[in-house]
Amino acid sequence: MNIIEAMKERRSVRSFNGEPLSGVMKTELAKIIGATESPFGGNVTIKLKDFDLNDGFKPSTYGMIRGASDFFLMAMDNDMQSALSAGYRFEQVVLKTWQLGLGTCWIAATFKGTDFDRDTTWPSGQRLRIVSPVGVAAKPSIKEKIARMAVGSNSRKPFGELFFNSNFDHPLEADSRYATALEMMRLAPSSTNSQPWRAVVDNSTIHFYYKPKSSLSVLDCGIGLCHFCETLKFYDIDGNFSTNNNAPAPPTSLKYLISFDTLS
């Protein structure tokens, strides 16, 4: 499975087969974590931690997760750069993990951090913000099916409502050079399926904006930008992120985030 297929097929998994990860698989996942990178700076730490379900540990995720004993934990500083990098880097982990045949599920608001923080230390200034179970998926439970329906996991906004040509008055054409990368961004996961990202294509520059919907909106944009950049990389299109003072003015409901200039 290539990265495009992973982005199309990946889904959140909340029910697992109860088997802990093998030592070989833990080593592979540690390599994946170590290889993640971000162009946005900030301070982010990702760890893989196993919990003994026979030692009284119960994942404090309000009943959402079943049968998982291994979890990714992610801590970060409280600033925009760290939030972007957190989304960008952890989605790399999520996609690579899916390619290995394992399931995950982004969890932010619905966990009690103290349980997952047990015997874990983080760099100064960082605190645990995201957890995710990781393992072999089991048959989805009724609770999982209801949870997916509640957040609209299987639905996405139309392409033309998210991406534009030159300014916000003209929806982007489906044959744009960047349409595939932006379509993969459209398919990216986000908190409560909010899809806060928007983009304007201006020749070889793509300007990104976001709609502030929650404290996780910038982190969500990091996830979407990961999909965008992984797609460009797959098609050998290079470029750099920068702040562009000449970016088209957005509607009042949106905020400018960053721009991407393609080099090839």
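Residues numbered from 1 in each chain as written. Predicted model: local features only at pLDDT ≥ 70, side-chain atom pairs only at ≥ 80, totals over all residues. Heavy atoms only, no water.

**Section: the environment of Gly224**
Along the chain, Gly224 turns up in helix α7 (residues 217–234). Of the residues examined, Gly224 reaches a relative accessible area of 0% and is grouped as buried. Distance in space between the C-alpha atoms of Gly224 and Arg186 is 7.3 Å, their sequence separation being 38 residues. Gly224 has contacts with Met185, Ala188 and Trp197, leaving out every residue within four places of it along the chain. (Helix = DSSP H or I, 4+ residues; strand = E, 2+ residues; numbered from the N terminus. Buried < 20%, exposed > 50% of the residue type's maximum accessible area, 1.4 Å probe, protein only. Contact = heavy atoms within 4.5 Å.)

**Examining the sheet that holds strand β6 (residues 197–202)**
Here we have five strands laid out as an open sheet, ordered β5-β6-β7-β9-β8, and mixed in their pairing. The strands lining the two open edges of the sheet, one partner per strand, are β5 (163–165) and β8 (239–242). Ignoring strand direction, the axes of neighbouring strands in this sheet form an average angle of 20°. Of the strand pairs in this sheet, β6 and strand β7 (residues 205–210) are connected by six bridges, and their pairing is antiparallel. Along β7, the bridge assignment pairs Ala199 with Phe208. (Pairing = 2+ DSSP bridges. Axes fitted to C-alpha atoms, helices over the stretch in contact; angles between N-to-C directions.)

**Some details on the nonpolar core**
Ranked by size, the top nonpolar core spans 73 residues in total, and within it Phe90, Phe163, Leu182, Phe208, Leu225 and Phe228 carry the most contacts. The residues contacting Leu182, other than those within four sequence positions of it, are Phe159, Phe163, Leu172, Ala199, Val201, Phe208 and Phe228. If you look at the next biggest cluster of nonpolar residues, it comprises six residues, including Phe164, Val200, Tyr209 and Leu254. (Core = buried A, V, L, I, M, F, W, Y, C linked by side-chain atoms within 4.5 Å.)

**Notes on the environment of Arg66**
Within the fold, Arg66 resides in the loop between β1 (44–50) and β2 (70–76). When its relative accessible area of 42% is taken as the criterion, Arg66 is described as partly exposed. The spacing of Arg66 and Arg14 is 52 residues in sequence and 6.3 Å in space, taken between C-alpha atoms.

**So, the layout of surface pockets**
A volume near 290 Å³ is recorded for the second largest pocket. Along the wall of the second largest pocket there are 15 residues; nearest its centre are Tyr88, Cys229, Lys233, Gly239 and Phe260. Secondary structure elements with two or more residues in the lining of the second largest pocket: α3 (80–99), α7 and β8. Among the elements that take part in the lining of the second largest pocket, α7 stands out by supplying four residues, more than any other. Across the lining of the second largest pocket, the residue classes break down as seven nonpolar, four polar and four charged. (1 Å grid on protein atoms, 1.4 Å probe; cavity = no way out; pocket = protein on both sides within 12 Å on 5 of 7 lines; lining within 4 Å. Points joined across faces, edges and corners; volume = space filled by probe spheres on them. Nonpolar A, V, L, I, M, F, W, Y, C, P; charged D, E, K, R; others polar.)

**What to know about α7**
Because each turn of an α-helix spans 3.6 residues, side chains separated by three or four positions end up pointing in the same direction. Its 18 residues place the ends of α7 26 Å apart at the C-alpha level, agreeing with the 26 Å of an ideal helix rising 1.5 Å per residue. Just beyond α7, the residue with positive phi is Asp236, at close to 60°. (Expected span 1.5 Å × (residues − 1).)

**Quick word on the packing of aromatic side chains**
The description of two aromatic rings rests on the distance between their centres and on the angle between their planes. A complete count under the given rule lists 15 aromatic pairs for this structure. Judged by centre distance (5.7 Å) and plane angle (90°), the ring pair of Phe51 and Phe116 falls under edge-to-face. Remark: Phe116 occurs in helix α4 (residues 113–116) and Phe51 occurs in the loop between β1 and β2; sequence separation between them is 65 residues. Looking at Phe116, the relative accessible area reads 0%, which means it is buried. A ring pair is formed by Phe228 and Phe260, whose centres lie 5.6 Å apart and whose planes are at 85°; its orientation type is edge-to-face. (Phe/Tyr/Trp six-rings, centres within 6.5 Å; stacked < 30°, edge-to-face > 60°.)

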